[in-house]
Amino acid sequence: MSFVVNEIMSYQFLTTTREGGVEYLTLNRPDVRNAFNEQVIAELSAWAAATRALAPGVVRAVVLAGAGKMFCAGADITWMSKTVQYTETENMRDAEAMSRMFAALNELPMPLIGRIHGAALGGGAGLAAVCDIVAADEGAVFGFTEVKLGILPAVISPFALAKIGRSAARELFLTGARFSAARAKEIGLVHAVVPAADLDATVASYVREIVSAGPEAVAAAKSLIPQVWGRPIEDVMPITAAAIAARRVSAEGQEGLRAFLEKRAPRWSEDTKDTKGTKDTKGQIS
Ligand code: COA
């Protein structure tokens, strides 16, 4: 993998824009429906590393979208077919790079919001699974379609399973069947399904909710979930108690509690007034 990110972070297959504290990250390979090959994987990994390295609060939320007709058609089938010429070691190296990319997106310190239009298939559905929040256009099609190609949804399975659970995975991984946005919502892969015309407003509503909350609190809430999920209460009690105790006495926690009692906006909301999400008030989160 030879891709090197330069200092101004220019990419071949990604576009990024930052408005206020919100980063808009767009997969930009529309000719092949934003399918990802090794270059896209390298670029997404580099973007995730650079974003993680930013000072806390610089990016409060990320919106992940796809350019052109659809969100993402998954791994690049042309690239995968060529891997027959790779050695087993090279194949393992490539698969691990893809796995690390999904993990890096999954573990971003700030909320990742998926904006899904058209289709999210194979690894595209995997990208939806690593988003904290997903809004989809009602016509979008989803699918863990790998078995139709004689392969399987391996690398994305931990992230997809965490979202959709075992039962839905047993049906959808084994059939490879395509399914609707409504079904995706039913199984927990998607949180809001709206007409295409309302998709941006819905995403903006989520952004607005996030940037109106305490920045450190949001990051702490995100990091708490994987620490607690699936573990016995007795084991996690020290973690949850320490988490709330730390937030209560923090400057941000004190400011948020005082602002409520004094019936005023918390000071952090001053920093985020000019984000795209705070200006647009059309969307509704139901
Ligand atoms: N990898 C590589 N190329 C892909 C691709 C993928 N995952 N998905 C689509 N493409 C390419 C097509 O080969 C086609 O290339 P061409 O113009 O050189 O013929 C181009 O993207 C447009 O695809 P097309 O099928 O003509 O567009 P569409 O809008 O009618 O349908 C999809 C788009 C995504 C629904 C359809 O292409 C599809 O089902 N792709 C496979 C998705 C899949 O199974 N992904 C799992 C991968 S693990």
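Residues numbered from 1 in each chain as written. Predicted model: local features only at pLDDT ≥ 70, side-chain atom pairs only at ≥ 80, totals over all residues. Heavy atoms only, no water.

A word on the site of the ligand
Near the ligand you find 17 residues, and of these Arg33, Lys69, Ala73, Ile77 and Arg178 are the closest. Ala73 places a main-chain nitrogen or oxygen 2.8 Å from a nitrogen atom of the ligand. Contact distances for the ligand include 3.0 Å between an oxygen atom and a side-chain N or O atom of Arg178. Against a free-state accessible area of 860 Å², the protein chains account for coverage of 60% of the ligand. (Near = heavy atom within 4 Å. Polar contact = N/O pair within 3.5 Å; in protein donor to acceptor, adjacent residues only side chain to side chain. Areas by Shrake-Rupley, 256 points an atom, 1.4 Å probe, with all protein chains shown as cover.)

Focus: unusual backbone geometry
Of note, Arg33 is a non-glycine position whose phi angle comes to about 55°, a positive value. Residue position: Arg33 is located in the loop between β2 (22–27) and α1 (38–52). The exposure class assigned to Arg33 is partly exposed, which follows from its relative accessible area of 30%. With a phi close to 55°, Lys263 is a non-glycine residue in the positive phi region. Relative to the elements of secondary structure, Lys263 occurs in the loop between α10 (251–261) and α11 (276–279). Using a relative accessible area of 77% as the deciding quantity, one classes Lys263 as exposed. (Helix = DSSP H or I, 4+ residues; strand = E, 2+ residues; numbered from the N terminus. Buried < 20%, exposed > 50% of the residue type's maximum accessible area, 1.4 Å probe, protein only.)

Observations regarding the sheet that holds strand β1 (residues 14–19)
Taken together, six strands build an open sheet; the order of strands is β1-β2-β3-β4-β6-β9 and the sheet is mixed. A strand with exactly one partner marks an edge of an open sheet, and here the two such strands are β1 and β9 (192–194). When strand polarity is set aside, the average angle formed by the axes of neighbouring strands in this sheet is 20°. Note that strand β3 (residues 61–66) and strand β4 (residues 112–116) share three bridges and pair parallel. Bridged to Val63 within β4 is Ile113. (Pairing = 2+ DSSP bridges. Axes fitted to C-alpha atoms, helices over the stretch in contact; angles between N-to-C directions.)

Remarks on the pattern of salt bridges
Enumeration over the complete set of coordinates arrives at twelve salt bridges. One salt bridge connects Asp200 with Arg115, and the closest N-O pair in it is separated by 2.6 Å. Separated by 85 residues along the polypeptide, Asp200 in helix α7 (residues 199–211) and Arg115 in strand β4 bring together distant segments of the chain. Look at Arg115 and you get buried, because its relative accessible area is 17%. In this structure, the salt-bridge partner of Arg247 is Glu216, at a minimum N-O distance of 3.2 Å. A residue pair is termed long-range when its members are at least 10 positions apart, and Arg247 in helix α9 (residues 233–249) and Glu216 in helix α8 (residues 215–228) qualify at 31 residues. Among the ionic contacts, a cluster of salt bridges with common partners joins Glu255, Glu262, Arg264 and Arg267. (Salt bridge = Lys/Arg side-chain N within 4 Å of Asp/Glu carboxyl O.)

Description of the environment of Val236
Secondary-structure assignment places Val236 in helix α9. A sequence separation of 124 residues divides Val236 from Leu112, and the C-alpha atoms of the two residues are 25 Å apart. Here Val236 is in contact with Gln227, Val228 and Arg231, once residues within four sequence places are set aside. (Contact = heavy atoms within 4.5 Å.)

A few points about the sheet that holds strand β8 (residues 178–180)
Strand pairing in a sheet relies on backbone hydrogen bonds. The paired strands run either parallel or antiparallel. Taken together, the three strands give an open sheet; going across it, the order is β5-β7-β8, and neighbouring strands pair in mixed fashion. The open sheet has two edge strands with one neighbour each: β5 (119–121) and β8. Sheet twist, expressed as the mean angle between neighbouring strand axes with direction ignored, is 25°. The pairing of β5 with strand β7 (residues 141–143) spans three bridges and is parallel. Of the residues in β7, the one forming a bridge with Ala120 is Phe142.

Function cannot be read off these values alone, since they describe shape.
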